Protein chains: 2
Amino acid sequence: MTASSVDLLIKPRWLLPIVPRHAVLEEHALAVSDGEIVAMGPAAELEATLDATRILALPDQVLMPGLINAHTHSAMSLLRGIGDDLPLEQWLNDRMWPVEGALADADFVALGTDLALAEMIRGGTTCANDMYFFPDVAARRAIAQGFRLAVGMIVVDFPTRWAQTSDEYFQRGMAVHDEFRQEPLITTMLAAHAPYTVGDDNLSRICMLSNQLDLKVHIHLHETAVEVENSRRDLGLRPFDRVRKLGLVNENLLAVHMTQLEPNEITACAEAGVSVLHCPESNLKLASGLCPVEALRQAGVNVALGTDGAASNNDLDMFGELRTAALIGKAAADSAEAVPAWYALEMATINGAKALGLDENIGSLEVGKRADLISFSMDGPELMPLFDVVSQLVYAGNRRQVRNVWVDGEQLLMDGSMTRMDLPALKSRVETTSLTIQNILDQEPTE
Amino acid sequence: MTASSVDLLIKPRWLLPIVPRHAVLEEHALAVSDGEIVAMGPAAELEATLDATRILALPDQVLMPGLINAHTHSAMSLLRGIGDDLPLEQWLNDRMWPVEGALADADFVALGTDLALAEMIRGGTTCANDMYFFPDVAARRAIAQGFRLAVGMIVVDFPTRWAQTSDEYFQRGMAVHDEFRQEPLITTMLAAHAPYTVGDDNLSRICMLSNQLDLKVHIHLHETAVEVENSRRDLGLRPFDRVRKLGLVNENLLAVHMTQLEPNEITACAEAGVSVLHCPESNLKLASGLCPVEALRQAGVNVALGTDGAASNNDLDMFGELRTAALIGKAAADSAEAVPAWYALEMATINGAKALGLDENIGSLEVGKRADLISFSMDGPELMPLFDVVSQLVYAGNRRQVRNVWVDGEQLLMDGSMTRMDLPALKSRVETTSLTIQNILDQEPTE
């Protein structure tokens, strides 16, 4: 029997494939060739049958799928910390929109996206679902950095530096869709900012395009009680009922936040195959309410996890986020057994892949999937003793324990160091831009 | 003018004294001699007037008071992760007490305390308030490691390896009090486990000793709705009313958890000078309820912050805890303006010092206080850009950014490395003990 050649054979202490559920494999290895997971099995067997160009032993590390940040606004990392301890409406109207109106051009998006990618890669995130202006710029930065990104073709009913009219939003959006159709790292989808910023005409147009092109629709929905109440008062309908009437409640809908849900809405989400994109830390920080994750899980709804933007979080830390999701999910359900540790990991991996329509390629370690992998060190007194790898990752884990990251088989983090990103140059550019932001903030009237 | 001699002059990028509130000083320095903060002021001035044995420049770091973990069970770090996703009663009865009954002797406490101290020191905690068996052993480990520890003279109405009868609990407790009376790093106080494990006789005896010796009384109180309801059903009183009738509601009371509070109880705490020791992550993980921190703050109650034990958290990460406190405090109050960032830092520093009766010595950076200091690096893409140091520490901070730690002027962490603790030896001892724990767990019937 001749040995097959592979690019890389990784021998971790633990292998956590996520699928099948609860599996924690020891003395197992994983092989990668051409960016694909080509073999998984007992380490001795793989070493005997494979001829690996590189063998990487990770004796105190867990190998697992890269985390998927199912909802973020990458470029807003440049606005980290400019609007703390404020409710959503004030945060948006007094802080975010004035600064974005003055600054959010292509250069801003390029720099902010690089900053977000650096943070996400160092913290074990290998894929994100982005909603922001200049999605083409964000996609190009992701390709340059080797990161897997879904970008939303943003629509909002007011002019921005990205587009002046509704027609221009749709034209530029569809141009983005065409430009990146063949890019293996990029997924495009439709993105309506929110029911309170996009009218029925544009929502209907988004629905039509979603049906014609089989595209996902990314939208903030039922983020706050105020949003729901205003819609009832002004339109006689809850936002969910409104988007349902317009035809958007189907398996392409990615509904972000969903902190206000009636039982019949949970059932409707389950029946229609809607994915809920849960952002617990943003919801807590803006006092938006608690998403009923356990009830959604019990109903069979696919719940994925996102950090939201760093301006409302204030980080893009998916390990922190999945821990918060496990903790706050228990408070929301009034049960310590709700949102168990393994489910928190699923939300951050395979459920994210399902939401983005990428679960044939990523979200778990399975032969034939793309090699989006991370390794996590279990060394240090903070992680002693170790009785249960999943418990340790979720309830005692820290993103600073991430040592290695691969996307599509390319190693982007090597023993804690970034392989592609020039961090000192990034720092210098961010510092320059932060002075401009500070000037704008100094001119804004704030109460 | 001749220069005064000092042991150490620290020149950080930012100096965050906590007192006065909101102060963030730049181009300032702090001087230490004989374990005391002897000078603070403009760096140029201090450099000109002081002759320092060692000058330490920290050009991208914040210098601030060490964090105070106001409620923990240090030795339970050895039980990290053995009882996840379970409600409090099941967690206590089926997991903690069987293992502790079999194992919690002096050796267990010595090892568990060392493990906890390693984690706390690396994460920027310089003082903790411990409640566990063998408080003398914990105190000796703290002295050996140079850590500041308050230990509770534990009382519980059932036999343990520490004491068999009530009289023995009190005798051993008072012996601990006598032994450590002159130790500058150790504070002793009375500790009743909880109203549901300590009867009126012992609570009255604790009250009498507290009054006679002016000792604090550390007690779990109103942790869950079940605790309150059982007390009403069995004794006709809420636990708070019961301890009030017994005379314990005064400025020596340290009430841990307090997730179930009526407005009149909040008023009573404020009027009596009770300190509330808030443990948000433990409360979330055990689905115990949400402590109304903002209401307590508005009423003028001193709220300090604790991690609880690593068996119910599962870490002793005070930076993580203060962030969770700021986030969940907004949900509990239904207001994004509740529990602002600066208040989260106060809970973790000066309020902890006040609770423990140590605010004349620690909890802020002021001339004349002991040098319990930490420095925190603001370097890295996770903390860019930087508009507000307090926001960054609270909402984007990570304990792995802590670079230096001093307790009573002794440096315990130097640029990320521990100066006293032998971590490889600790790891080996913890691994041996974890095998014993695993054997006991394997024998326990669990549903």
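Refer to the preceding data block for the structure.
Numbering of residues starts from 1 in every chain and runs along the sequence as written. Working convention: letters from A go to chains and numbers from 1 go to ligands, in the order in which they are written. Local features in a predicted model are, by the rule used here, given only for residues with pLDDT of at least 70; side-chain atom pairs are given and counted only at 80 or more, and totals for whole chains, interfaces and linings are based on all residues. The basis for every side-chain value is the complete set of non-hydrogen atoms in the structure, without hydrogens or water.

Draft legend 1. Quick peek at the relation of the copies chain B and chain A. All copies are superposed by least squares; the fitting set is the C-alpha atoms of residues with a pLDDT of at least 70 in both. For the match of chain B to chain A, the screw axis carries a shift of 0.0 Å, the RMSD comes to 0.0 Å, and the turn is 180 degrees. Here the copies are linked by what is in effect a two-fold axis. Across chain B, the smallest distance between a C-alpha and the rotation axis is recorded for R400(B), namely 3.6 Å. We call two residues contacting when some pair of their heavy atoms lies within 4.5 Å. A high fraction, 100%, of the interface residues of chain B reappear at the interface in chain A, so the copies pair face to face through one surface.

Draft legend 2. Molecular detail of the packing of aromatic side chains. Residue and element names in this part refer to chain A. For Phe, Tyr and Trp, rings pair up if their centres lie within 6.5 Å, where Trp contributes its six-membered ring, and each pair is then called stacked (planes under 30 degrees apart), edge-to-face (over 60) or tilted (otherwise). Per the counting criterion, the structure on display carries 10 aromatic pairs over all chains. Residues F319 and F376 carry aromatic rings whose centres are separated by 5.0 Å and whose planes lie at 45 degrees to one another, so their mutual orientation is tilted. One end of the pair, F319, is in helix α12 (residues 318-333); the other, F376, is in strand β14 (residues 373-377), with 57 residues separating them in the sequence. Each member of the pair, F319 together with F376, is buried. Both a distance and an angle decide whether a charge sits over a ring: NZ of Lys or CZ of Arg must be within 6 Å of the ring centre and within 35 degrees of the ring normal. Sitting above the plane of the F170 ring, R205 keeps its charged end 4.2 Å from the centroid. Over the ring of Y343 we find R297, and its NZ or CZ is 5.0 Å from the ring centre. Per the convention used, a helix needs a DSSP run of H or I reaching at least four residues, while a strand needs a run of E reaching at least two, with both numbered from the N terminus. Only protein chains enter the calculation, and the probe is 1.4 Å; a residue is then buried if its accessible area is under 20% of its type maximum, exposed if over 50%, and partly exposed in between.

Draft legend 3. Region of the structure containing the sheet that holds strand β6 (residues 67-72) of chain A. All names here are of chain A. Note on pairing: DSSP must find at least two bridges between two strands before they are called paired. Taken in spatial order, the eight strands make up an open sheet running β6-β7-β8-β9-β10-β11-β12-β13, and their pairing is parallel. Pairing within the sheet leaves two strands with one partner each, and these edge strands are β6 and β13 (302-305). Adjacent strand axes in the sheet meet at a mean angle of 25 degrees when their direction is disregarded. Bridging between strand β8 (residues 148-155) and strand β9 (residues 186-192) involves seven bridges; their strand directions are parallel. Looking at β9, one finds that V155 is bridged to A192. Working convention: axes come from line fits to C-alpha atoms, limited for helices to the stretch in contact. Angles between N-to-C directions cover 0 to 180 degrees. Contacting β8, β9 and β10 (217-221), helix α6 (residues 200-213) runs over the sheet at an angle of about 150 degrees to β9.

Draft legend 4. Representation of helix α12 (residues 318-333) of chain B within the structure. All names here are of chain B. By definition here, a helix of n residues has an expected span of 1.5 Å times n minus one. In this model, α12 (16 residues) spans 22 Å end to end at C-alpha, consistent with the 22 Å of a helix rising 1.5 Å per residue. Counting buried positions along α12 yields 13 of 16 residues, so the element is predominantly enclosed. We call two N or O atoms a polar contact when they sit within 3.5 Å, provided that within protein one can donate a hydrogen and the other can accept it, with sequence-adjacent residues counted only if both atoms are side-chain atoms. Taking the backbone nitrogen of F319 as reference, a side-chain oxygen 3.1 Å away marks D317 as the first, capping residue of α12.

Draft legend 5. Quick look at the pattern of salt bridges. The salt bridge definition used is simple: a Lys or Arg side-chain nitrogen within 4 Å of an Asp or Glu carboxyl oxygen. Applying the stated rule across the entire model yields 64 salt bridges over all chains. Linking D85(A) and K330(B) is a salt bridge whose minimum nitrogen-to-oxygen distance equals 2.9 Å. One end of the pair, D85(A), is in the loop between β6 and α2 (88-103); the other, K330(B), is in helix α12, on a second chain. Judged by relative accessible area, D85(A) falls into the buried class, the value being 13%. Judged by its relative accessible area of 0%, K330(B) falls in the buried class.

Draft legend 6. Inspection of the side chain of T433(B) at higher detail. All names here are of chain B. Mapping T433 onto the fold places it in helix α16 (residues 423-443). Taking relative accessible area as the criterion, T433 reaches 18% and is therefore assigned buried. Leave out the neighbours within four places in its chain, and T433 touches L78 and L111.

Draft legend 7. Examining the interface of chain B and chain A more closely. Taken together, the contact pairs 56 residues of chain B with 56 residues of chain A. In this assembly, chain B and chain A are joined by 12 salt bridges. Of the charged contacts, one joins D379(A) and K427(B) as a salt bridge, the two residues approaching to 3.1 Å between their closest N and O atoms. The interface formed by chain B and chain A includes 29 residue pairs in polar contact (both at pLDDT 80 or more). Contributions of two or more residues to the side of chain B that touches chain A are made by α3 (106-122), α10 (280-285), α12, α15 (389-395) and α16 of chain B. Top contributing element to the side of chain B that touches chain A by residue count: α16(B), with seven residues. Under the grouping applied here, Gly and all other residues not named as nonpolar or charged are polar, the nonpolar ones being Ala, Val, Leu, Ile, Met, Phe, Trp, Tyr, Cys and Pro and the charged ones Asp, Glu, Lys and Arg. Looking at the side of chain B that touches chain A residue by residue, the classes come out as 27 nonpolar, 12 polar and 17 charged.

Draft legend 8. Spatial organisation of the pairing of strand β15 (residues 402-407) of chain A. All names here are of chain A. Most of β15 sits out of view: five of its six residues are buried. Sheet analysis places β14 next to β15, joined by four bridges and oriented antiparallel. Counterpart to L373 in the pairing with β15 is W406. Relative to strand β16 (residues 410-414), β15 runs antiparallel, the two being bridged by three bridges. Its bridge partner lying in β16, V405 is registered against L413. Taking the residues between adjacent antiparallel strands as the criterion, β15 and β16 are bridged by two residues, where D408 takes a positive phi near 55 degrees.

Draft legend 9. Geometry of empty space enclosed by the protein. Both cavities and pockets are sets of points on a 1 Å grid over the protein atoms alone; in a cavity a 1.4 Å probe fits but cannot get out, in a pocket the set is open with protein on both sides within 12 Å along at least five of seven lines, and lining residues sit with an atom within 4 Å of a point. Grid points are joined across faces, edges and corners, and a volume is the space filled by probe spheres set on the points. Applying the stated rule across the entire model yields eight cavities of 30 Å³ or more. Approximately 340 Å³ is the volume attributed to the largest cavity. Forming the boundary of the largest cavity are 23 residues, of which D317(A), G320(A), D317(B), G320(B) and R323(B) lie nearest the centre.

Draft legend 10. Geometry of the environment of V226(B). Residue and element names in this part refer to chain B. Counting through the fold element by element, V226 comes out in helix α7 (residues 225-235). With a relative accessible area of 40%, V226 lands in the partly exposed category. Residues V226 and R238 lie 12 residues apart in sequence; the distance between their C-alpha atoms is 11 Å.

Draft legend 11. The packing of α3(B) against helix α4 (residues 135-145) of chain B, seen in detail. Residue and element names in this part refer to chain B. For the pair α3 and α4, the least separation of the axes is 9 Å and the interaxial angle reads 40 degrees. Comparing the axis directions of α3 and α4 gives the class oblique. When you trace α3 past α4, the crossing you get is right-handed. Along the contact surface, α3 presents A106, V109, A110, T113, D114 and L117, while α4 presents V137, A138, R141, A142 and Q145. The class makeup of the residues in the contact of α3 with α4 is seven nonpolar, two polar and two charged. An angle below 35 degrees is treated as roughly parallel, one above 145 as roughly antiparallel, one from 65 to 115 as roughly perpendicular, and anything else as oblique. Left-handed describes a crossing in which the near helix is turned anticlockwise from the far one by less than a right angle; the clockwise case is right-handed.

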